[in-house]
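Structural features, examined
Here is how the chains run, residue by residue.
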Amino acid sequence: MELYQLGRRVVRPRDAAGLYYNPRAEFRRLAEAGALRHLAHGYYLIPPQEALGDPRWRPEVEELALGVAASDHGEGVSLMGLSAARHHGAVPRAHATAWVAVPVNRRPLDAGVFGRIVFVARHLDRLDLVRARTTVVDGHATSVEQTIVDLARHPTWAGGADTAREAIVRLWPRADRVLLDDLAVAQRGQAALDRFRIAQADLGA
């Protein structure tokens, strides 16, 4: 399939202007044939070879979020919040919403059965990132320490305070305490981090 020349799994009709006379019509045809999955207006997913024609296959919403963000913004994106915590194995159950950092403000994307993608405008050069390999795209995720600081400051990036606290508790034993405090101070998150420490002490954790 010519679309493999694009080198990524989340593709847009406008990316294929040099491959097809009418990319939108061709994408619709390929989707009807099972060679593409329609995600949302202007976005399609190329399934892996072993999943072609299998409607049951779908990637995790976090992987999809990273792929969509990378298709629009290149390397300057990163999984963050609850999605980064899930990438680090701290969130055992799947969620319907993914959070991804991008360089500009943009509205959330409803990808139907695949889930919902929330884009957060951030300066990625100020974040502590690690490489993230997924079935859809290779990119970045916030580090364990950065994820803790983010969730402590912005529990809405986990969908709520309880989910954020659960993720932080699971990430905490793996965090470098020096780096954690350095990030908290640099990003005005020390007070939020201290509140978490006090709450955990009160619970006897």
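Look up: the structure comes first, before these words.
So, here is what we can say about the structure in this document. Per-chain numbering applies: the sequence of each chain, read as written, is numbered from 1 onward. Local features in this predicted model are restricted to residues of pLDDT 70 or higher, and side-chain atom pairs are both shown and tallied only at a pLDDT of 80 or more, whereas totals for entire chains, interfaces and linings draw on every residue. Side-chain measures were taken over the full set of non-hydrogen atoms in the model, leaving aside hydrogen atoms and water.

Examining the overall build of the chain
Helical segments are the DSSP runs of H or I of at least four residues, strand segments are the runs of E of at least two, and each set is numbered from the N terminus. From N to C terminus, the chain includes seven helices and nine strands. For every residue, the accessible area obtained with a 1.4 Å probe (protein chains only) is divided by the maximum for its type, and the residue is called buried under 20%, exposed over 50%, and partly exposed between those limits. Within the span of the chain, comprising 205 residues, buried residues form 51% of the whole. Should any heavy atoms of two residues lie within 4.5 Å, those residues are counted as being in contact. In the chain, 56% of the contacts between residues at least 6 apart in sequence involve partners at least 24 apart. A 1.4 Å probe and the Shrake-Rupley method give the accessible areas. Residues count as covered only by the protein chains that appear here. Total accessible area on the chain is roughly 10,400 Å²; 50% of this is exposed by carbon and sulfur atoms. Only four residue types enter the tally: Lys and Arg on the positive side, Asp and Glu on the negative side, with His and both chain ends excluded. Charge positions are represented by NZ for Lys, CZ for Arg, CG for Asp and CD for Glu. In the chain, 27 side chains carry a positive charge and 24 a negative one; their mean positions are 4 Å apart.

Section: the sheet that holds strand β1 (residues 10-11)
Strand order across the open sheet formed by three strands is β1-β3-β2, with antiparallel pairing between neighbours. Strand pairing shows two members of the sheet lacking a second neighbour, β1 and β2 (37-40), which therefore form its edges. Strands pair, by our definition, only if DSSP identifies at least two bridges between them.

What to know about the side chain of T147
Tracing the chain through its elements places T147 in helix α4 (residues 144-153). Not counting residues up to four positions away in its chain, the partners in contact with T147 are G81, A84, A85, H88, T142 and L171.

A closer look at the packing of α4 against helix α6 (residues 177-186)
Helix axes are fitted to C-alpha atoms over the stretch in contact, other axes to C-alpha atoms as well, and angles between N-to-C directions run from 0 to 180 degrees. The N-to-C vectors of α4 and α6 enclose an angle of 45°; their axes lie 9 Å apart at closest approach. Between α4 and α6, the crossing angle belongs to the class labelled oblique. The crossing of α4 and α6 is right-handed. Between α4 and α6, the residues in contact are E145, Q146, I148 and V149 and L179, L180, L183 and A184, respectively. When the residues that make up the contact of α4 with α6 are grouped by side-chain class, the tally is six nonpolar, one polar and one charged. Roughly parallel means an angle under 35 degrees; roughly antiparallel means over 145; roughly perpendicular covers 65 to 115; every other angle is labelled oblique. Two helices that cross are described as forming a left-handed crossing if the nearer one is turned anticlockwise from the farther one by less than a right angle, and a right-handed crossing if clockwise. Residues are grouped as follows: nonpolar covers Ala, Val, Leu, Ile, Met, Phe, Trp, Tyr, Cys and Pro; charged covers Asp, Glu, Lys and Arg; every other residue, Gly included, is treated as polar.

A short note on the pairing of strand β8 (residues 129-133)
Sheet analysis places β8 next to strand β9 (residues 138-142), joined by five bridges and oriented antiparallel. Within β9, the position partnered with L129 by the bridge is T142. Two successive antiparallel strands, β8 and β9, enclose a turn made up of four residues.

Side note on the side chain of T142
Within the secondary structure layout, T142 lies in strand β9. Its relative accessible area of 0% is what places T142 among the buried residues.

Examining the environment of A96
Mapping A96 onto the fold places it in the loop between α3 (81-87) and β5 (97-102). The spacing of A96 and G7 is 89 residues in sequence and 27 Å in space, taken between C-alpha atoms. Setting aside residues up to four positions removed in sequence, A96 forms contacts with V61, G115 and R116.

So, unusual backbone geometry
A positive phi angle, close to 55°, is found at R188, a residue other than glycine. If you trace the backbone, R188 turns up in the loop between α6 and α7 (190-202). A relative accessible area of 78% places R188 in the exposed class.

Comments concerning the nonpolar core
I148 and L151 are the most contacted members of the largest nonpolar core, which totals 30 residues. The set of elements that each furnish at least two residues to this core consists of α3, β5, β7 (116-121), α4, α5 (161-171), α6 and α7. Broken down by element, the residue count for this core peaks at five residues, all from α4. In this structure, A51, L79, V102 and V136 belong to the second largest nonpolar core, which totals 28 residues. The term nonpolar core refers to a set of buried residues drawn from Ala, Val, Leu, Ile, Met, Phe, Trp, Tyr and Cys, joined through side-chain atoms within 4.5 Å.

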